[in-house]
4 protein chains.
Amino acid sequence: MTPEDAIAEAAAAYSNWGRWGPDDVLGTVNFLDEAKRAAAARLIRLGVSFSLAQRFDMNGPQNGWRRRTNPVHTMLDTGLDAVHGDQGFPHGFGGADDVIAMPLQCSTQWDGLGHIFDHGRAWNGRPADKVVTGEGDLVTGIEHLAPFVAGRGVLLDVGRVIGGGELPDGFAITEEHLNATAEAHGVAVRCGDIVCVRTGRLARARREGWGDYAGGPAPGLSFTTAGWLHRTEIAAIATDTWGFEVRPNEFENAFQPLHQVVIPHIGLLVGEMWDLEALAAHCAGDCVHDFFLAAAPLPVTGAVGSPVNPLAIK
Amino acid sequence: MTPEDAIAEAAAAYSNWGRWGPDDVLGTVNFLDEAKRAAAARLIRLGVSFSLAQRFDMNGPQNGWRRRTNPVHTMLDTGLDAVHGDQGFPHGFGGADDVIAMPLQCSTQWDGLGHIFDHGRAWNGRPADKVVTGEGDLVTGIEHLAPFVAGRGVLLDVGRVIGGGELPDGFAITEEHLNATAEAHGVAVRCGDIVCVRTGRLARARREGWGDYAGGPAPGLSFTTAGWLHRTEIAAIATDTWGFEVRPNEFENAFQPLHQVVIPHIGLLVGEMWDLEALAAHCAGDCVHDFFLAAAPLPVTGAVGSPVNPLAIK
Amino acid sequence: MTPEDAIAEAAAAYSNWGRWGPDDVLGTVNFLDEAKRAAAARLIRLGVSFSLAQRFDMNGPQNGWRRRTNPVHTMLDTGLDAVHGDQGFPHGFGGADDVIAMPLQCSTQWDGLGHIFDHGRAWNGRPADKVVTGEGDLVTGIEHLAPFVAGRGVLLDVGRVIGGGELPDGFAITEEHLNATAEAHGVAVRCGDIVCVRTGRLARARREGWGDYAGGPAPGLSFTTAGWLHRTEIAAIATDTWGFEVRPNEFENAFQPLHQVVIPHIGLLVGEMWDLEALAAHCAGDCVHDFFLAAAPLPVTGAVGSPVNPLAIK
Amino acid sequence: MTPEDAIAEAAAAYSNWGRWGPDDVLGTVNFLDEAKRAAAARLIRLGVSFSLAQRFDMNGPQNGWRRRTNPVHTMLDTGLDAVHGDQGFPHGFGGADDVIAMPLQCSTQWDGLGHIFDHGRAWNGRPADKVVTGEGDLVTGIEHLAPFVAGRGVLLDVGRVIGGGELPDGFAITEEHLNATAEAHGVAVRCGDIVCVRTGRLARARREGWGDYAGGPAPGLSFTTAGWLHRTEIAAIATDTWGFEVRPNEFENAFQPLHQVVIPHIGLLVGEMWDLEALAAHCAGDCVHDFFLAAAPLPVTGAVGSPVNPLAIK
């Protein structure tokens, strides 16, 4: 079977098009309903919270590929201006202010439903060229997800369970690996969950330098997990890697074929470049791998992605 | 008493300098400990969640004052490129990608602890010029708050209780108004809370246009509430206005004197331009005005503010 | 005749498609050959030079229309950092550095050949969707003009000659006005010239505030000048207005119909928001209205416009 | 002598402080007066012109050092939007528009007079912290140079004459090398000139990749040329390297010591990352190494540097 046929077969087998009506803009976040969110809140027992975001600054992994830079943060006013300059404020008042310029997917982020297309089709079967124009995503912009991305999070620390800490680059995580990890953790993945898969790739980048973290070889989900991602009815998945799926991709000359199935066809919310290290250490310590997760995207109108600071609370 | 004396008196009376040690970078967020966060989680009963963020786009309130623009969102790749252009991806893969340039405080946001100074002093008594330089906030950058801003939220809908819906511009909300509102709601403000004060100013801007929303006349907290803000030991306060305190300010020739007390001296986390409309309507309906609130700032290294999409969950 | 028919008629009558071969990327700048540039140099007699650029800062005319902001200039390092901060340089070295974010056409600028299309056709008859994609102008990007835009400039101060100083908003400058002005100046417009038309609109904006300078009513060239613009074989035209042609446009429900003819069909280089005040005063003084003009666009790869600081040298 | 003493000695020996009065904002551009500009115009004989700018895009040399990125150019509207989207314009009108975000010194540029300080002093002896604040350069912003940077250009192709094509990294160009090159060319450097020194470093980067072009080893002017740069009374100097002076610098632990002398003390206008290749080839062909040079900075208010597209015209 050619790569294109394999993608088409998976797309057909796992499509959620129409599942939530023709006007749907939420995809699998529909699974995360109020009852599940309320149940997830009961996972907060200690009150301890973890930020799953990398820091947003120039020491990030981006290398300019497709005009993606690291975040550029600059100051409009500073404490130096307040003390030694002439800000023009009365009564001893001083202030600092700042701006940022960045690709929306340069660091810890969510892929919006308008981020990836398959043969010109966006989520729910819409023509990609009617959905995302120069004005942005006119239909499934990430602002539509603004209130909804909070629920049960489940950490699958495949790096620790299968890799003894970290998986090597090019390691394709299969359904079997996911199940074995969940079993080792004593946790079950359920409908509406936000699943966080730790590979250990970020830990290695921290230790050894970014290198090719952005786009280069990495462990990640196998193309063959498309069925699992569909069948489990999870609301979202996130990893500590640049691109969520294994790199190099498993097909010849392919580019992110699992994205091509899960975003436009499954309508799955995908998170990338999450920092799962502190959370994973805590989970390994108390053997509790589920938690409340609040990971609301910034509602940039028409955006096809968003930076996010996900909070995991146990 | 001159304005400068009044500010100095309040600063001295309500200072938290040293309260959490000389190295503190969290301010009043210290009040929001794990026990309080765990208790707050029990406020999630229905699982219904509200985004308290405005949408981030060019239809915002900014008018260029001090180089603040509205968010500029542009596309790097679109569905049009995927369908009609030549993206160079194999097997029918297409993608869209985008960037943003914006002041960190142009829309729904948190003020960082390095945002405001009093006579050259930043939070905890540090010299402002050693804290916030051209490189950003080297000490109290908003990234330090990344894991912590989730806990009990309390809505005080002063606009509805005192104003019959909306408060007029220039209306100074006093401690008495805050207490009367809480009493009317049947809710008590407690240590570690994130208090959301609705004035109705945003509702009016939505109806009548932005006008001078950014910096012009507005209802807001009276300078005289500094003691209440200190004594209640709340973790944070947020409003639906540009600048949280009443405008015009209550002193002659003053500029945001309450900021000058609460940020550098109390160490209070202040939120502005929050959209409390949907939440307020729900609270008015079920008479429940406390909820779980997750409002994690984006951890931009050294930032003195951050855009945020706060989630209120009941 | 309907507006659409009028535009089509002018487009057909004045088309330069194919005039410089199928691969042309320069349009009317082809008229400005080396001999003409050398001859133009002989107009430099005094050595006095004028910048025809507005200053690039937040005090500009942009109001957010179609995501156009004024230039946002921010500092990465300052003299305050050098003196009071800790830049980390040895031996007393200090530095300042800065960044800018701006629309390429937010202030004094050139329209590139990829800026305007007519019924899906770009300059030289190319399909617009094959020329300008999400990656920019793949064919006629403004970088192609980089070495060429220097030659004879001619000022036609229509504001002074016809308007007694300034033309009123909505005033449509006709061929007769242009000819009368040239005659009054004692100057002839020739092939390869860069013609600068002063209306006085910028002077009025300086005096009375920007108001609707960006997109609102303004004097400017009449649609009926399309033939003159074609027949004179000028290399470029520039005005002191936002949009070069008269506003409101002369057709019902039209939007910049003269652009629609001159850019895609004539291939004319169009400059906007030029500051002709100082030059015009000098020309009125010495009665010399031609000069050497160097107005090289910034070679931003694939750009459909460019900021420019045009130098007029007499 | 310590590096710091050597810098101090050169600073004292070659200072132009006060030479053009206490309010000067032009530095050595004062040398380029109208008579010299008029004389320079007579060097235009052929009318052939060369752009000395690199292209501004993501394929540039920047690597993130001190938050410097390559230019990020993004589209607001495209030909795809015009043809397949819904731009909302009448009568077949379509348009493309774009924005840029970039450090002002990321590619071919001028250093402004506020770019470098020596022991807290800026050009003309002013305190650096009163000159360049968070608002930019309040005194010597590059906008002041807007009308003046056009005059006689002289190419010194040291790479060709001394290096047989290209100088190796770390090669320090001395006064002797400059004089020998001028003599070989049969050209004399005179007061008010804009001197362009070609090392061949850019040609090598084009051939071999950017590598450490931005900040790494490079040929460049020796610290010992400070006297020559002062004595010759040139208006400006520009090179094809990142930093104009030799790298590594000639003193232990130094950082750009020649900058520290020539910008704040001599008031010299310095250009970097110029593309002198095509011009140099032409000059080698016709043995004429002087020309008219128009290199007007973009008048960004308060900027300490500016991108530029210099035109050399022979």
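Just so it is clear, the structure is predicted and the values come from calculations on it, not from any experiment.

1. Concerning the domain arrangement of chain A
Here's step 1: Split into domains, chain A comes out as domain 1 (3–65 + 103–313) and domain 2 (72–101).
Here's step 2: With centres defined by C-alpha atoms, the gap from domain 1 of chain A to domain 2 of chain A works out at 38 Å.

2. A closer look at the sheet that holds strand β16 (residues 305–307) of chain B
Residue and element names in this part refer to chain B.
Here's step 1: Spatially, β1-β17-β15-β9-β11-β13-β14-β5-β16 is the arrangement adopted by the 9 strands of the open sheet, whose pairing is mixed. Looking at which strands have only one partner, the edges of the open sheet turn out to be β1 (49–51) and β16. Each strand axis lies, on average, 25° off the axis of its neighbour in the sheet, ignoring direction.
Here's step 2: Across 3 bridges, β1 lies against strand β17 (residues 311–313) in antiparallel orientation. Bridge assignment links Phe50 to a residue of β17, and that residue is Ala312.

3. Details of the pairing of strand β2 (residues 72–77) of chain B
All names here are of chain B.
Here's step 1: Burial runs high along β2: 6 of the 6 residues are buried.
Here's step 2: Two strands pair when backbone bridges link them, and β2 and strand β4 (residues 97–103) are joined in this way by 5 bridges, in the antiparallel orientation. Looking across to β4, one finds that His73 is bridged to Ile100.

4. A short note on the interface of chain D and chain A
Here's step 1: Chain D puts 16 residues into the contact, and the matching count from chain A is 16 residues.
Here's step 2: Note on chain D versus chain A: buried area summed over both sides is about 1400 Å², and carbon and sulfur give 52% of it.
Here's step 3: The largest per-residue losses of area from chain D upon contact with chain A belong to Met58, Arg67 and Gly134 of chain D, which jointly make up 35% of the total buried on that side.
Here's step 4: There are 0 salt bridges connecting chain D and chain A.
Here's step 5: Across the contact surface, chain D and chain A share 6 residue pairs in polar contact (both at pLDDT 80 or more).
Here's step 6: Counting residues per element, the ones that place at least two in the side of chain D that touches chain A are β2 (72–77) and α3 (79–84) of chain D.
Here's step 7: The biggest single contributor to the side of chain D that touches chain A is β2 of chain D, with 4 residues.

5. Remarks on the interface of chain B and chain A
Interface size is often expressed as the accessible area that is lost when the parts come together.
Here's step 1: Chain B puts 96 residues into the contact, and the matching count from chain A is 96 residues.
Here's step 2: Both faces considered, chain B and chain A share a buried interface measuring about 7400 Å² in area, 61% of it formed by carbon and sulfur atoms.
Here's step 3: Interface area lost by chain B to chain A is led by Arg66, His91 and Phe93 of chain B, which between them contribute 10%.
Here's step 4: One can count 6 salt bridges joining chain B with chain A.

6. Quick notes on the relation of the copies chain B and chain A
Here's step 1: Superposing chain B onto chain A requires a rotation of 180° together with a translation of 0.0 Å along the rotation axis, leaving an RMSD of 0.0 Å. Both copies are brought into coincidence by an operation consistent with a two-fold rotation axis. Within chain B, Ala101 of chain B has its C-alpha nearest the rotation axis, a separation of 2.0 Å.
Here's step 2: Most of the interface of chain B is mirrored in chain A: 100% of its interface residues are interface residues there too.

7. Description of the sheet that holds strand β15 (residues 290–294) of chain C
Residue and element names in this part refer to chain C.
Here's step 1: The strand order across the open sheet formed by 9 strands is β1-β17-β15-β9-β11-β13-β14-β5-β16, and the pairing between neighbours is mixed. Both edges of this open sheet fall to β1 (49–51) and β16 (305–307), since each of them pairs with a single strand only. Direction aside, neighbouring strands of the sheet carry axes that sit 25° apart on average.
Here's step 2: Here strand β11 (residues 194–197) pairs with strand β13 (residues 236–239) via 4 bridges, running parallel. Its bridge partner lying in β13, Cys196 is registered against Ala238.
Here's step 3: Contacts from helix α10 (residues 277–286) reach β1, β9 (150–156), β15 and β17 (311–313), with the element oriented near 145° to β1.

8. Section: the state of the cysteines
Here's step 1: Applying the stated criterion across every chain yields a total of 0 disulfides over all chains.
Here's step 2: Cysteine Cys196 of chain D is unpaired, with the sulfur of Cys283 of chain D as its nearest cysteine sulfur at 9.1 Å.

9. Looking at the packing of helix α1 (residues 3–14) of chain A against helix α9 (residues 257–266) of chain A
Residues and elements named next belong to chain A.
Here's step 1: Following both chains from N to C, one finds α1 and α9 inclined at 30°, their axes separated by 9 Å at the closest point. Between α1 and α9, the angle is such that the two are roughly parallel. The way α1 lies across α9 gives a crossing that is right-handed. Between α1, through Ile7, Ala10, Ala11 and Tyr14, and α9, the contact on the second element is made entirely by Pro257, Gln260, Val261, His265 and Ile266.

Conventions and cut-offs
Residues numbered from 1 in each chain as written. Chains lettered and ligands numbered in written order. Predicted model: local features only at pLDDT ≥ 70, side-chain atom pairs only at ≥ 80, totals over all residues. Heavy atoms only, no water. Domains from an automatic or database assignment. Pairing = 2+ DSSP bridges. Helix = DSSP H or I, 4+ residues; strand = E, 2+ residues; numbered from the N terminus. Axes fitted to C-alpha atoms, helices over the stretch in contact; angles between N-to-C directions. Buried < 20%, exposed > 50% of the residue type's maximum accessible area, 1.4 Å probe, protein only. Contact = heavy atoms within 4.5 Å. Buried area = accessible area lost by both parts, 1.4 Å probe. Salt bridge = Lys/Arg side-chain N within 4 Å of Asp/Glu carboxyl O. Polar contact = N/O pair within 3.5 Å; in protein donor to acceptor, adjacent residues only side chain to side chain. Least-squares fit on C-alpha atoms with pLDDT ≥ 70 in both. Disulfide = S-S within 2.5 Å. Parallel < 35°, antiparallel > 145°, perpendicular 65-115°, else oblique. Left-handed = near helix turned anticlockwise from the far one by under 90°.

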